[in-house]
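Summary of the model geometry
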Amino acid sequence: MGDLKLRATVGVGLAAVAILALVLGGIAWWVLAALMGLGMLAEWCGLAKASAPRLTVALAGMAAGLALAFPLWWGADRSTVAAFVGLALVVGLLTNSGRIGTGLCYAGFPIVALLFLRDGQHGIAVTLWTLLIVWATDIGAYFAGRSIGGPLLAPKLSPKKTWAGLGGGVIAALVIGALVAFGVRLGLAYYWLGAPLAVVAQLGDIYESALKRRAEVKDSGRLLPGHGGLLDRLDGLVPVAVVVGALVANGNLAG
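What you are looking at is a predicted structure, and each value in this text was computed from that prediction instead of being measured. (Residues numbered from 1 in each chain as written. Predicted model: local features only at pLDDT ≥ 70, side-chain atom pairs only at ≥ 80, totals over all residues. Heavy atoms only, no water.)

A few points about the nonpolar core
In terms of nonpolar packing, the biggest core is built from 61 residues, with Trp29, Met40, Leu115, Trp129, Leu237 and Val244 touching the most fellow members. Non-local contacts of Met40, meaning those with residues more than four positions away in its chain, are made with Ala107, Pro110, Ile111, Leu230, Leu231, Leu234 and Val238. (Core = buried A, V, L, I, M, F, W, Y, C linked by side-chain atoms within 4.5 Å. Buried < 20%, exposed > 50% of the residue type's maximum accessible area, 1.4 Å probe, protein only. Contact = heavy atoms within 4.5 Å.)

Below, the structure is given as structure tokens:
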């Protein structure tokens with residue numbers, strides 16, 4: 001119960017900060033996104049056991065990409081994604097590490113997606129919906145997995161994930177996604193898309209668990225009490241933000 005209270009307190013605080021920045025938009029949302037991107041990349045480099053010079057090069061690359069996405073400068077769109085790919089190649093060459101270059105894309109793409117969604121049509125509603133289905137997935141999976149248990153989902157990669165937890169996450173995301181879509185008057189697709197995106201979020205969670213297993217660590221960092229690091233907290237949001245951003249950008253998901 002003590003661990004749950006700590007997790008809940010930190011989680012609520014993080015959610016409040018995210019929602020406040022989302023509502024304010026503009027520079028406030030960019031600052032939060034920039035901190036998330038830099039923090040995730042720093043933890044990625046930590047998992048890769050990167051030296052201080054390599055970490056510096058990686059963070060400089062992220063800072064350059066974030067500067068391009070600044071709302072008063074270039075902004076976040078397809079060209080920003082292309083810029084991050086180019087920066088990732090440069091970082092990979094300068095550090096002689098494809099893994100570090102990949103980390104720039106892993107941390108950068110969801111940041112660009114979140115900035116893009118916020119600046120688009122129905123920006124606050126769509127971005128809030130995206131955040132809430134990921135949070136609902138985490139909460140539903142946590143309680144269903146703890147209370148039901150049963151067969152493990154990916155025992156070699158994430159020994160605590162269960163099929164029951166996946167089911168609980170899918171149901172929670174479907175219900176919350178539909179309620180939010182109804183409340184903020186989003187399109188029909190938003191009523192059911194929470195379910196498949198919950199699976200995407202869980203795959204992101206498993207992938208991050210694989211990264212930690214490879215690095216032989218329990219958490220990606222110690223920044224967030226009860227949660228670990230930023231990668232531990234944002235592992236599900238990373239792929240979901242990218243998928244939703246791509247669907248909106250390609251016109252497959254209208255407000």
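Section: the environment of Leu47
Topologically, Leu47 is positioned in helix H2 (residues 26-47). By relative accessible area, Leu47 is classed as buried at 6%. When the C-alpha positions of Leu47 and Asp77 are compared, they lie 29 Å apart, and in sequence the two are 30 residues distant. Excluding its chain neighbours within four sequence positions, the residues that come into contact with Leu47 are Arg99, Leu211, Lys212, Ala215, Val217, Ser220 and Leu231. (Helix = DSSP H or I, 4+ residues; strand = E, 2+ residues; numbered from the N terminus.)

Some thoughts on the state of the cysteines
For the structure shown, the criterion picks out zero disulfides. Cys105 takes part in no disulfide bond, and the closest cysteine sulfur, belonging to Cys45, lies 13 Å away. (Disulfide = S-S within 2.5 Å.)

What about the pattern of salt bridges?
Once their charged atoms are close, side chains differing in charge can pair, the charge on each being opposite to the other. The full count for this structure, using the stated rule, is five salt bridges. Note that Glu208 and Lys212 form a salt bridge whose closest N and O atoms lie 3.6 Å from each other. Linking Glu208 with Lys212, this pair stays in helix H9 (residues 194-215), spanning four residues, or about one helical turn. Glu208 gets classed as buried once you look at its relative accessible area, which sits at 1%. Residue Lys212 is classed as buried on the basis of its relative accessible area, which comes to 11%. A salt bridge links Asp232 to Lys212, with the nearest nitrogen and oxygen atoms 2.9 Å apart. Of this pair, Asp232 sits in helix H10 (residues 230-234) while Lys212 sits in helix H9, and the two are 20 residues apart along the sequence. Judged by its relative accessible area of 11%, Asp232 is buried. Taken together, the shared-partner salt bridges connect Glu208, Lys212 and Asp232 into one network. (Salt bridge = Lys/Arg side-chain N within 4 Å of Asp/Glu carboxyl O.)

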